[in-house]
Amino acid sequence: MIEFRDVTKTFPDGTVAVAGLDLAIPPRQVTVFVGSSGSGKTTILRMINRMVDPTSGRVLIDGVDIGSREPVALRRSIGYVMQNSGLLPHRTVLDNIATVPVLRGEKKRDARARARELMTVVGLDGSLADRYPAQLSGGQQQRVGVARGLAVDPNILLMDEPFGAVDPLVRAELQTELKRLQSELDKTVVFVTHDIDEAFLLGDQVVLFKPGGLVGQVGTPAELLENPADDFVAGFIEAGRPRSILR
Amino acid sequence: MTWLAGNWPQLVDYGLAHVLLSIPPIIVGFLLSLPFGWLANRYRVSRGVLLTLGGILYAIPSLPLFVLLPSLIGTKILDPLNVEVALTIYAFALMLRTTADGLASVGGDVKLSATAVGYGAFRRFVGVELPLAGPVLLAGIRVVSVSTVSLVTIGSVIGVNSLGFFFLDGYQRSFFTEVWVGIGGTLLIALVFDALLVLAGRALMPWTRTRRGALTAAYGRAQSRWAVLR
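Below is a short write-up of the structure. (Residues numbered from 1 in each chain as written. Chains lettered and ligands numbered in written order. Predicted model: local features only at pLDDT ≥ 70, side-chain atom pairs only at ≥ 80, totals over all residues. Heavy atoms only, no water.)

## Concerning the overall build of chain A
Let me state the cut-off plainly: The helix and strand labels rest on DSSP assignments: H or I over at least four residues marks a helix, E over at least two residues marks a strand, and numbering proceeds from the N terminus. Taken over C-alpha atoms, the radius of gyration is set against a globule rule of 2.2 Å times the number of residues to the power 0.38. The cut-offs for exposure are 20% and 50% of the maximum accessible area for each residue type, with area from a 1.4 Å probe on protein chains only; residues under the lower value are buried, those over the upper are exposed, and the others partly exposed. The contact criterion used throughout is that any non-hydrogen atoms of two residues lie within 4.5 Å. The Shrake-Rupley method, run with a 1.4 Å probe sphere, supplies the accessible areas, and residue values consider only the shown protein chains as cover.
Helix and strand counts for chain A stand at 11 helices and 10 strands. A globule of 247 residues ought to have a C-alpha radius of gyration of about 18 Å, and chain A, at 18 Å, matches this closely. Principal-axis analysis of the C-alpha atoms places the extent of chain A at approximately 55 × 50 × 35 Å. Across the 247 residues that make up chain A, the buried fraction comes to 54%. Look at the contacts in chain A between residues 6 or more apart in sequence, and 66% of them connect residues 24 or more apart. When the accessible surface of chain A is summed, it comes to about 10,700 Å², and 50% of that surface belongs to carbon and sulfur atoms.

Put into structure tokens, the structure is as follows:
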């Protein structure tokens, strides 16, 4: 369980990214943060692994205030997948997946063996193990990113617009894959996107943000669709829908 | 030719001395440039100050520096250390800007991602930023290497012998074969150093080759597709 208690973030230039956020993220489910750019969703995500510290308020994981935890160690215990995969260009696929276990002091050989297993888990052919990221397609890179995020078998997996930069076909494939993975792995996934379709497809719980880090509505996809809290929520969902109706 | 045959042992001796005098300044200058290059990128003020300082250091003429150093660092006038320290200063001054630029060229996305998965600051510098700055650093070291190999020869003026001895001696005796042998030998050393650096770069940075390989392959495919379309 991840909890935000009255969390506010003001950047040095005075921009208020998040204002008085109270939010509970249930364990072993996919919670999707959706909103347009500037809604603070990525900032909120980054508060979970202390990439960003709140100006005031507290973030708790399983009841423990993470403000008291050493950031680097905290980050190594939480999976992180980002847009454009964020892979290290100078490391092979296998070593990229093994990054975090090696940082935690595991033997390279053990970490690589586990990385090889993870390649299968995320549907990557073993022959790609010794390639460098630049030699992979966008979809393959993203799978490597997911494998890296899972490498230490974390309870929490943070995904920051992970499928934002791949083409629609590959994106659909990766979304299906993520659903399959989640049904097997049962992680607490926090997923950021600006695509309402993606949010409804993947989310057990959807948090729709308004500009300035305000929560528009929290609920299951069905709840948001049937009972939008206000015009903003209804408008945001509507703006994303027409294309879906055509399908 | 007869001169060359007769003086072969001395040529080898001085050539070897030349090589040994060249290596430490290149390595130490490079290593010194790392923390200062990092510092130069850290704050805007430090960048201006350090890069200007580097420029000034490089502008000091070498001969006066060789002569001046004994009184500054307490060495004897004929001590090869004078040459080594002076050349290290030049190597550092030359390398500093390249190192700063190389480190600055590492993408923000990669650094952010490294931090997100749990790299601490120092480990990220050594394990991510430094290797990714590698191609730029290598280009810088190659320049430093050539420059150092050529500057070593000036040491001969103050009695620290290298292949530079042959220019001096040949010039004083108006014996130009000797001058040319000195120049040729110096060039040869510079070329060998450069080749070794390129090879080391290939061995240490395999990803740069494959990326270029991948790009060239993609280009080749595109070309052949064009050929088919035509």
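That shown, we press on.
## Some words on a nonpolar patch on the surface
Stated formally: Any residue with relative accessible area above 30% and no salt bridge may belong to a patch, with like charges joined within 9 Å and the nonpolar Val, Leu, Ile, Met, Phe, Trp and Tyr side chains within 5 Å. Each reported salt bridge corresponds to a side-chain nitrogen of Lys or Arg within 4 Å of a carboxyl oxygen of Asp or Glu.
On the surface, a cluster of nonpolar side chains totalling about 770 Å² of accessible area is made up of Ile23(B), Ile27(B), Val28(B), Leu31(B), Leu32(B), Phe36(B), Trp38(B), Leu39(B) and Tyr43(B). In this fold, Trp38(B) is placed in helix H2 (residues 8-42).

## Here's the deal with the pairing of strand S10 (residues 214-219) of chain A
The cut-off we apply is this: By the convention used here, strands pair only if DSSP detects at least 2 bridges between them.
In this sheet, S10(A) lies alongside strand S9 (residues 205-210) of chain A in antiparallel orientation, the contact comprising five bridges. What sits directly across from Leu208(A), in S10(A), is Gln217(A).

## Here we look at the pattern of salt bridges
All names here are of chain B. Per the stated rule, a full pass over the model turns up 18 salt bridges over all chains. The residue Asp194 makes a salt bridge to Arg142 at a minimum N-O spacing of 2.9 Å. Taken together, the positions of Asp194 in helix H9 (residues 176-204) and Arg142 in helix H7 (residues 121-151) put the pair 52 residues apart, joining distant regions of the chain. We classify Asp194 as buried; its relative accessible area is 18%. A salt bridge links Arg173 to Asp169; the nearest nitrogen and oxygen atoms lie 3.3 Å apart. By relative accessible area, Asp169 is classed as buried at 18%.

## Comments concerning the sheet that holds strand S6 (residues 79-82) of chain A
Residue and element names in this part refer to chain A. The cut-off we apply is this: For helices, the axis comes from a line fit to the C-alpha atoms of the stretch in contact; other axes are also lines fit to C-alpha atoms, and the angle between any two N-to-C directions lies between 0 and 180 degrees.
One open sheet holds the six strands; their spatial order is S6-S7-S8-S3-S9-S10, and the pairing between them is mixed. Both outer strands of the open sheet, S6 and S10, are each paired with one neighbouring strand and no more. Averaged over neighbouring strand pairs, the angle between their axes works out to 15° when direction is ignored. Here helix H6 (residues 138-150) sits on the sheet and contacts S6 and strand S7 (156-160); the angle it forms with S6, its principal contact strand, is near 165°.

## A few points about the interface of chain A and chain B
Test applied: Once two parts are joined, some of their accessible surface, as seen by a 1.4 Å probe, is lost; buried area is that loss totalled over both.
Counting from both sides, the interface comprises 22 residues of chain A and, opposite them, 21 residues of chain B. Taking both partners together, chain A and chain B bury about 1,900 Å²; carbon and sulfur atoms supply 66% of that area. For the chain A face of the interface with chain B, the top three residues by lost area are His90(A), Leu103(A) and Tyr132(A), together amounting to 27%. Run the count over chain A and chain B and you get zero salt bridges.

## Observations regarding helix H10 (residues 231-240) of chain A
All names here are of chain A. What counts here: Note: the arc covers the axis-to-C-beta directions of the helix. Any N or O atom pair separated by 3.5 Å or less is treated as a polar contact, with the protein-specific requirement of one donor-capable and one acceptor-capable atom, and with residues adjacent in sequence counted only for side-chain atom pairs.
The set of residues buried in H10 consists of Val233, Phe236, Ile237 and Gly240. The arc that holds every buried residue of H10, seen down its axis, measures 95°, which confines them to one face. Pointing more than 90 degrees away from the buried face of H10 are the exposed residues Asp231 and Ala239. With a side-chain oxygen positioned 3.1 Å from the backbone nitrogen of Phe232, the residue opening H10 is Asp230.

## Brief notes about the sheet that holds strand S1 (residues 2-10) of chain A
Residue and element names in this part refer to chain A. Read across the sheet, four strands follow the order S2-S1-S4-S5 without closing on themselves; strand pairing throughout is antiparallel. Among the strands making up the open sheet, the edge pair consists of strand S2 (16-25) and strand S5 (64-65). Docked against the sheet, helix H1 (residues 41-48) engages S1, S2 and strand S4 (56-61), running at close to 125° with respect to S1.

That is the geometry; function is a separate question.
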